[in-house]
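Observations on the three-dimensional arrangement
Here is what each chain is made of, one letter per residue.
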Amino acid sequence: MTPQERDLGLLLRLQARDESALASLYDAYGGLVYGVALRITSAGADAEDVAQEAWLQVWRQAASYDARRGTVAAWLLTVARSRALDRVRSLGSRRRAEDAAGQEFDPVTTASPQTATVQSQLRTQLEAALAELQPEQRQVLELAYYGGLSQSQIAARLERPLGTVKSWSRQGLQRLRELVPREPWA
Amino acid sequence: VTVHHDEHLDLCAGLALGNLDVGDRERLEAHLAGGCPKCEAALAEYTAAVTCLAAAAPAVEPPPALRERVLQAARESAATPAPRPAMPRPTSIDARRESRRGSTGWLWGRVAAAACLALALWSWRDAARLRSELRAQQTRIATLESQRADLEERLAAEKRWVSVVSAADARVAALAATPDGDPAVRARAIVDPHANRVVIAFSNLHVPTGRDYQLWAIRAGKPRSLGLVHADPAGDAVLQLELPDAASVQAIAVSLEPTGGAPTPDAPTGPVVMVGAIGG
């Protein structure tokens, strides 16, 4: 069974309000969801609230997942990112999301033992791929994904034409895809 | 239908990143609405790349207490009046949609009635009392609004499944009981080979104690598990499943397995109790 097949099964059980399926999904992706929440909010307490909101949304809206638009893991990440960006925007001036975009975090602890090896291998591979990108491509992708900036906001911030930002976005994603041909958790 | 330009691919990257400006997003959505295989393929690639980007974030072990908080919140959310039964009855999907709309209408009726009551109270209750009433109503409306949003999400999901049943080239299979099976069970599968989805409805399906029914897709003579079939106490079950490469599925079968199902997803261990070939 591929991870995606397993996750689809868990999602069907979520739709039937099977709480143990939520626990299984959390055990598989809890660190990932929290990691994205922490990277965007850059505050532990906010990240916890955001992660909880995200998981509750997954629980309540499992039926809205559409397999044609990506893997279950990708959907979880999308939900976590949206909730985290909402949180940062509602906090307004206290903490700007774009400041978090370029920021590095030291992992507080490593992931749980059963998933640590696979996830750390995957991350090493992905980090290497990101390092291969042109710096401006990587910056545009991170400002978009973690900073929640629109393309025109990025253009203004980097003082570049909008068309350039659009091309960098596409080139960055294309290059990332070439470097990592297999989607994580597919 | 707008003609494909390479500029659309740039916009697809922005859509996958979720950061297109409004005008660009509307332009791309109008283009995609007309169907564009090039853009759809690119969008899938870019979406996968965005997942890679997210997965490169340092995985941080969440505080251990968070797991229990999440599960507790889910339990509490499940304890509030559930807008949907655990397993939908195999009434027609239209009927289910109708009943849901009905229950939302009822909820809004309650709000309206409560608002009238609040007005009637004006004549003899003091203002402080009325303010607290108002706060309670606002909370209730907020709750109802979130329930309504939930229902709309669900309805949108149901519509995607309705399209399976009404697809022009949907393939139908009536599952028949084998000599090992219970001839009282009725089951029908509808496969949409393009959307790669299948809807299967069972009635009179009663699971023997200590056993589970497991569903299988047969491709090139080989079974692949589609999961367990859980019927409600009346023996009814409707399953809506993603079925990768649906066009290659030759038959759908049900086997009787130990509780929890067969240990491996490609080998039924118990007797096959129902089977149906997928018609053209």
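In this text the structure is predicted, and so the values were computed from the model without any measurement.

Further remarks concern the overall build of chain B. The helix and strand inventory of chain B stands at six helices and eight strands. When each of the 280 residues of chain B is scored for burial, the buried share is 41%. Residue pairs in contact within chain B that sit at least 24 positions apart in sequence constitute 64% of those at least 6 positions apart. Looking at chain B as shown, the accessible area adds up to about 14100 Å², and 60% of this sits on carbon and sulfur atoms.

When helices and strands are tallied, chain A shows nine helices and zero strands. When the helices and strands of chain A are placed in sequence order, the string is α-α-α-α-α-α-α-α-α. Across the 186 residues that make up chain A, the buried fraction comes to 55%. Restricting to contacts in chain A with at least 6 residues of sequence separation, those with at least 24 account for 67%. Approximately 8200 Å² of chain A is accessible, and the part contributed by carbon and sulfur atoms is 48%.

The next thing to look at is the nonpolar core. Generally speaking, soluble globular proteins have nonpolar side chains that are buried together. Formed by 85 residues in total, the largest nonpolar core has its most connected members in A:Leu14, A:Leu25, A:Tyr29, A:Trp55, A:Leu76, A:Leu173 and A:Leu176. Once you skip the residues sitting within four places of it in the chain, A:Leu173 turns out to touch A:Leu141, B:Ala13, B:Ala16, B:Leu17, B:Tyr46, B:Ala49 and B:Val50.

Right, let's get into the pattern of salt bridges. A side chain of one charge can pair with a side chain of the opposite charge when the charged atoms of the two come close. Within this structure, the stated rule accounts for 27 salt bridges over all chains. A:Arg175 is the salt-bridge partner of A:Glu178, the closest N and O atoms lying 3.1 Å from each other. One end of the pair is A:Glu178 and the other is A:Arg175, both in helix H9 (residues 162–179) and three residues apart, which spans about a single turn. Look at A:Glu178 and you get exposed, because its relative accessible area is 54%. For B:Arg27, the salt bridge is made with B:Glu7, and the minimal N-O distance between the two is 3.1 Å. Taken together, the residues B:Arg27 in helix H2 (residues 22–33) and B:Glu7 in helix H1 (residues 6–17) connect sequence positions 20 residues apart. Judged by its relative accessible area of 34%, B:Glu7 falls in the partly exposed class. A single network of salt bridges, built from pairs that share partners, joins A:Asp46, A:Glu48, A:Asp49, A:Glu53, A:Arg87 and B:Arg69.

Attention now goes to the confidence of the model for chain A. Residue and element names in this part refer to chain A. Of the residues in chain A, 85% have a pLDDT of 70 or more, and the chain-wide mean is 84. For chain A, helix H5 (residues 97–101) is the element with the lowest average pLDDT, namely 53, and helix H8 (residues 151–158) is the one with the highest, namely 96. For residues 104–114, every residue scores under 50 in pLDDT, and the model assigns this stretch 15 contacts once sequence neighbours within four places are set aside.

This part covers unusual backbone geometry. Of note, A:Ser42 is a non-glycine position whose phi angle comes to about 50°, a positive value. Note on placement: A:Ser42 falls in the loop between helix H2 (19–41) and helix H3 (44–60). In the Ramachandran plot, B:Asn204 falls in the positive-phi region, its phi being about 60° despite a non-glycine side chain. The class for B:Asn204 is partly exposed, based on a relative accessible area of 37%.

What follows concerns the side chain of B:Arg197. Summarising the element assignment, B:Arg197 is placed in strand E3 (residues 197–203). Discounting chain neighbours no more than four positions away, the residues touching B:Arg197 are A:Asp66, A:Arg68, B:Arg160, B:Trp161, B:Val164, B:Ile190, B:Val191, B:Asp192, B:Leu241, B:Glu242 and B:Leu243.

Further remarks concern the packing of aromatic side chains. All names here are of chain A. Counted by the stated rule, this structure contains three aromatic pairs over all chains. Relative to tryptophan 75, the ring of tyrosine 65 has its centre 5.6 Å away and its plane inclined at 55°; by these criteria the two rings are tilted. In this pair, tyrosine 65 sits in the loop between H3 and helix H4 (72–91) while tryptophan 75 sits in helix H4, placing the two residues ten residues apart along the sequence. Like tyrosine 65, the residue tryptophan 75 is buried in the burial classification. Centroid distance tyrosine 145 to tyrosine 146: 5.0 Å. Interplanar angle 80°. Geometry classified as edge-to-face. Of the residues examined, tyrosine 146 reaches a relative accessible area of 1% and is grouped as buried. Looking at arginine 39, its charged tip hangs above the ring of tyrosine 146, at a distance of 4.1 Å from the centre.

Two pairing modes exist for strands in a sheet, parallel and antiparallel, and in both the strands are linked by backbone hydrogen bonds. Residues and elements named next belong to chain B. Taken in spatial order, the eight strands make up an open sheet running E5-E4-E7-E8-E1-E2-E3-E6, and their pairing is antiparallel. Edge positions in the open sheet fall to strand E5 (222–229) and strand E6 (237–242), since each of these has one partner strand only. Neighbour-to-neighbour, the strand axes of this sheet turn through a mean angle of 20°, independent of strand direction. One ladder, built from five bridges, connects strand E1 (residues 171–177) with strand E2 (residues 186–192); its direction is antiparallel. Across the sheet, valine 172 pairs through a bridge with isoleucine 190, a residue of E2.

Turning our eyes to something else, we now look at the interface of chain A and chain B. Facing the 73 residues of chain A at the interface are 57 residues of chain B. A buried area of about 6000 Å², summed over both sides, lies between chain A and chain B, and 59% of it is on carbon and sulfur atoms. For the pair chain A and chain B, the interface holds nine salt bridges. Counting every contact that joins chain A to chain B gives 21 residue pairs in polar contact (both at pLDDT 80 or more). Only helix H1 (3–15), H2, H3, H4, helix H6 (113–132), helix H7 (135–145), H8 and H9 of chain A provide two or more residues apiece to the side of chain A that touches chain B. Considering every element that reaches the side of chain A that touches chain B, the biggest residue donor is H2(A), with 13 residues. Across the side of chain A that touches chain B, the residue classes break down as 38 nonpolar, 17 polar and 18 charged.

Cut-offs and rules
- Residues numbered from 1 in each chain as written.
- Chains lettered and ligands numbered in written order.
- Predicted model: local features only at pLDDT ≥ 70, side-chain atom pairs only at ≥ 80, totals over all residues.
- Heavy atoms only, no water.
- Helix = DSSP H or I, 4+ residues; strand = E, 2+ residues; numbered from the N terminus.
- Buried < 20%, exposed > 50% of the residue type's maximum accessible area, 1.4 Å probe, protein only.
- Contact = heavy atoms within 4.5 Å.
- Areas by Shrake-Rupley, 256 points an atom, 1.4 Å probe, with all protein chains shown as cover.
- Core = buried A, V, L, I, M, F, W, Y, C linked by side-chain atoms within 4.5 Å.
- Salt bridge = Lys/Arg side-chain N within 4 Å of Asp/Glu carboxyl O.
- pLDDT = per-residue confidence, 0-100.
- Phe/Tyr/Trp six-rings, centres within 6.5 Å; stacked < 30°, edge-to-face > 60°.
- Lys NZ or Arg CZ within 6 Å of the ring centre and 35° of its normal.
- Pairing = 2+ DSSP bridges.
- Axes fitted to C-alpha atoms, helices over the stretch in contact; angles between N-to-C directions.
- Buried area = accessible area lost by both parts, 1.4 Å probe.
- Polar contact = N/O pair within 3.5 Å; in protein donor to acceptor, adjacent residues only side chain to side chain.
- Nonpolar A, V, L, I, M, F, W, Y, C, P; charged D, E, K, R; others polar.

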